[in-house]
Each structure stands twice: as C-alpha cells, then as structure tokens.
Amino acid sequence: ERDGKNLKTGDDPKHSRHSAIDELLSDPCFFPINTHGGLLCFGAPWEVPAMYNVVEAVKQLRGQAEGRQIPDCRRALVFGNGGVLSASAVAILARS
C-alpha cells in the first residue's frame, strides 16, 4: 500500500468496489442466505437437505416464514447437492 492505494489493484480502500459489495451483502434484506438457519440445524441427512431449502423458499414466497420472513420476497434460488461425486441442481422459484 502506498499513498492510501492498494498497489495490486490500484483501488482506494475507502472507495473500492469490494467495500461497496461488502456493504450490500451485509444487509440481510439485500441478499438473504440460509433464512431457515442452514442445514447444520437439520442434521444434514444425505438425501434430503435440498428439500429443506425448497420448503423454506416456498414459505418465504408465500409469506409464511414466521419470525424470519423476508419482506416482499418474490424470487428464491435453491441449490442442492446429492453427495460426493454425484449430481447437483439449482432451482429458481418465483411467485406471480
């Protein structure tokens, strides 16, 4: 670092694009993740973790996620992994 600028990127640390992204991602209503607490709280069984994510997404979209509801939730992205060296899937759900 020299003269307040990062020598690798040339970014001013006070106004870098990374600080803007960090600021957006720190707002839980901008990009909420694991609103149901994550799979660790479910014991992470091998075959069903993605269904817990789907159930949470549907609850959010219906406005039924009491105590953790995201205001005006319109879309949800759900990722599921079937285990080591197996298939993965992504679903994008939306309300109309």
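Throughout this document, residue positions are counted from 1 along each chain, in the order its sequence is written. pLDDT decides what is reported in this predicted model: residues at 70 or higher carry local features, side-chain atom pairs at 80 or more are listed and counted, and totals for whole chains, interfaces and linings draw on all residues regardless. Side-chain measures here rest on the full set of heavy atoms in the structure, leaving out hydrogens and waters.

Caption draft 1: Highlighting the overall build of the protein chain. Starting at the N terminus, helices and strands are each numbered in turn, a helix being any DSSP run of H or I of at least four residues and a strand any DSSP run of E of at least two. Scanning the protein chain from terminus to terminus reveals two helices and two strands. Starting at the N terminus and walking to the C terminus, you meet the elements of the protein chain as α-α-β-β. Each residue's exposure class comes from its accessible area (1.4 Å probe, protein chains only) as a fraction of the maximum for that residue type: buried when under 20%, exposed when over 50%, partly exposed otherwise. Out of the 96 residues belonging to the protein chain, those deemed buried represent 18%. Relative to all contacts within the protein chain whose residues are 6 or more apart in sequence, the contacts with residues 24 or more apart total 25%. By definition, residues are in contact when any of their heavy atoms lie within 4.5 Å.

Caption draft 2: Layout of the pairing of strand E1 (residues 75-81). Only one face of E1 is buried: it carries Ala 76, Val 78 and Gly 80, and the other face, with Arg 75, Leu 77, Phe 79 and Asn 81, is open. Two strands qualify as a pair provided that DSSP identifies no fewer than 2 bridges between them. Of the pairings in the sheet, the one linking E1 to strand E2 (residues 88-94) comprises seven bridges and is antiparallel in character. Counted as the bridge partner of Val 78 is Ala 91 from E2.

Caption draft 3: Spatial organisation of helix H2 (residues 49-62). Each residue after the first adds 1.5 Å to the expected span of a helix. Under the 1.5 Å per step criterion, the end-to-end length of H2 is 20 Å for 14 residues, consistent within 8% with the ideal 20 Å. Listed in full, the buried residues belonging to H2 are Pro 49, Asn 53, Glu 56, Ala 57, Gln 60 and Leu 61. Each buried residue of H2 lies within a common arc of 135 degrees when the element is viewed along its axis, so the set occupies one face. H2 presents Met 51 and Arg 62 as exposed residues on the side facing more than 90 degrees away from its buried surface. Where H2 is buried, its residues contact E1 and E2. Following H2 by one or two positions, Gly 63 has its phi on the positive side, about 80 degrees. Arc definition: directions from the helix axis to the C-beta atoms.

Caption draft 4: How the structure looks around the side chain of Asn 53. Along the polypeptide, Asn 53 turns up in helix H2. Polar contacts here mean pairs of N or O atoms no more than 3.5 Å apart (in protein, one a potential hydrogen donor and the other a potential acceptor; neighbouring residues in sequence count only if both atoms are side-chain atoms). At 2.9 Å, the side chain of Asn 53 and the side chain of His 36 are in polar contact. Polar contacts involving the side chain of Asn 53 include one to the main-chain carbonyl oxygen of Phe 79, which spans 3.4 Å. Among residues more than four places away in sequence, those in contact with Asn 53 are His 36, Leu 39, Val 78 and Phe 79.

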